Amino acid sequence: AVVAEPTACSSSPSAKVVAPTQAQAQSLLNGLAADVLAHRAAAYEKQLDPAAAAATFRKQQAGDLANLAAVPFSSWSYHVDSVSTDAASVAKASKRLGAPTLIADVTFHYQLAGVDLEPTSQELWLTFDRRGGKVYLAGDSDLASSGFSSWVGPWRDGKLAAYHSGSTLVL
């Protein structure tokens, strides 16, 4: 994987704020995955960028979490595969969010309890930023105009109910 140099922003001549690292993004995603499996919506939401520029994303994520609450997952995880080397897109995301950013290509895995023999894998392009020394998840569409869209789960379409019958699960 090709790794881009972190984008740097400066709030003062002596303080240099840098973009999140790939390892920091992975650590954040590990925590988010645990929050989803444990149905800790409030803890999950605290890891989302609190800035006004990320308000739509935060609302979307809160809706997703509420909509998938009844779905029986046996696993939910993320793996950061690489980071974007598209300097223009990273700069645009940093400007939009007002903070240094990292855009990562992430493989998302989830497995439905009792029916999936193996996890399903989907590709996401996630944006992370750093504010006040803390790394946040800030978006999932910063590369969409370049043809790199994040997969969207069925929970984005509304609240899901789960119905079990033997080895069948209907959502």
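Scroll up for the structure.
Residues numbered from 1 in each chain as written. Predicted model: local features only at pLDDT ≥ 70, side-chain atom pairs only at ≥ 80, totals over all residues. Heavy atoms only, no water.

### As for the nonpolar core
- In terms of nonpolar packing, the biggest core is built from 31 residues, with Trp-76, Tyr-78, Phe-128 and Leu-137 touching the most fellow members.
- Of all the secondary structure elements, the ones that give two or more residues to this core are α1 (22-37), α3 (55-67), β3 (73-83), β4 (101-112), β5 (120-131) and β6 (134-139).
- Beyond its immediate sequence surroundings of up to four residues, Phe-128 is in contact with Pro-20, Ala-25, Leu-28, Leu-29, Pro-100, Thr-101, Leu-102, Ala-104, Val-135, Tyr-136, Leu-137 and Ala-138. (Core = buried A, V, L, I, M, F, W, Y, C linked by side-chain atoms within 4.5 Å. Buried < 20%, exposed > 50% of the residue type's maximum accessible area, 1.4 Å probe, protein only. Helix = DSSP H or I, 4+ residues; strand = E, 2+ residues; numbered from the N terminus. Contact = heavy atoms within 4.5 Å.)

### A look at unusual backbone geometry
- Unlike most non-glycine residues, His-39 shows phi in positive territory, near 55°.
- Relative to the elements of secondary structure, His-39 occurs in the loop between α1 and α2 (41-45).

### A look at the sheet that holds β3
- Judged by pairing direction, the sheet is antiparallel, and its four strands sit side by side in the order β3-β4-β5-β6 without closing on themselves. In this open sheet, the two strands that pair with only one neighbour each are β3 and β6. Taken over all neighbouring pairs, the strand axes of this sheet differ in orientation by 40° on average, direction set aside.
- Inspection of the sheet shows β5 paired to β6 by five bridges, in the antiparallel sense. Within the sheet, the bridge partner assigned to Arg-130 lies in β6 and is Val-135.
- Along the sheet, α1 makes contact with β3, β4, β5 and β6, crossing β3 at roughly 165°. (Pairing = 2+ DSSP bridges. Axes fitted to C-alpha atoms, helices over the stretch in contact; angles between N-to-C directions.)

### Thoughts on empty space enclosed by the protein
- Per the counting criterion, the structure on display carries one cavity of 30 Å³ or more.
- If you go around the largest cavity, you meet 19 residues; those closest to its centre are Gln-61, Asp-64, Tyr-78, Leu-124 and Arg-156.
- Its residues assigned to classes, the lining of the largest cavity shows 13 nonpolar, three polar and three charged. (1 Å grid on protein atoms, 1.4 Å probe; cavity = no way out; pocket = protein on both sides within 12 Å on 5 of 7 lines; lining within 4 Å. Points joined across faces, edges and corners; volume = space filled by probe spheres on them. Nonpolar A, V, L, I, M, F, W, Y, C, P; charged D, E, K, R; others polar.)

### As for the pattern of salt bridges
- Within the structure shown, the criterion is met by six salt bridges.
- When the shortest N-O distance is used, the salt bridge between Asp-49 and Arg-131 registers 2.7 Å. Remark: Arg-131 occurs in strand β5 and Asp-49 occurs in the loop between α2 and α3; sequence separation between them is 82 residues.
- Of the residues examined, Asp-49 reaches a relative accessible area of 0% and is grouped as buried. (Salt bridge = Lys/Arg side-chain N within 4 Å of Asp/Glu carboxyl O.)

### Here's the deal with the packing of aromatic side chains
- Following the criterion strictly, the structure yields 13 aromatic pairs and no others.
- Taking the centre distance of 5.9 Å and the plane angle of 20° together, the rings of Tyr-110 and Trp-151 count as stacked. Within this pair, whereas Tyr-110 is found in strand β4, its partner Trp-151 is found in the loop between β6 and β7 (163-165), the two being separated by 41 residues in sequence.
- Given the relative accessible area of 11%, Tyr-110 is considered buried.
- An aromatic cluster is built from Phe-73, Trp-76, Tyr-78, Phe-108, Tyr-110, Trp-151 and Trp-155, whose rings are joined through pairwise contacts. (Phe/Tyr/Trp six-rings, centres within 6.5 Å; stacked < 30°, edge-to-face > 60°.)

### Topic: the pairing of β5
- For β4 and β5, the ladder comprises 10 bridges, and the chain directions are antiparallel. For Leu-102, the partnering residue across the bridge sits in β5 and is Phe-128.

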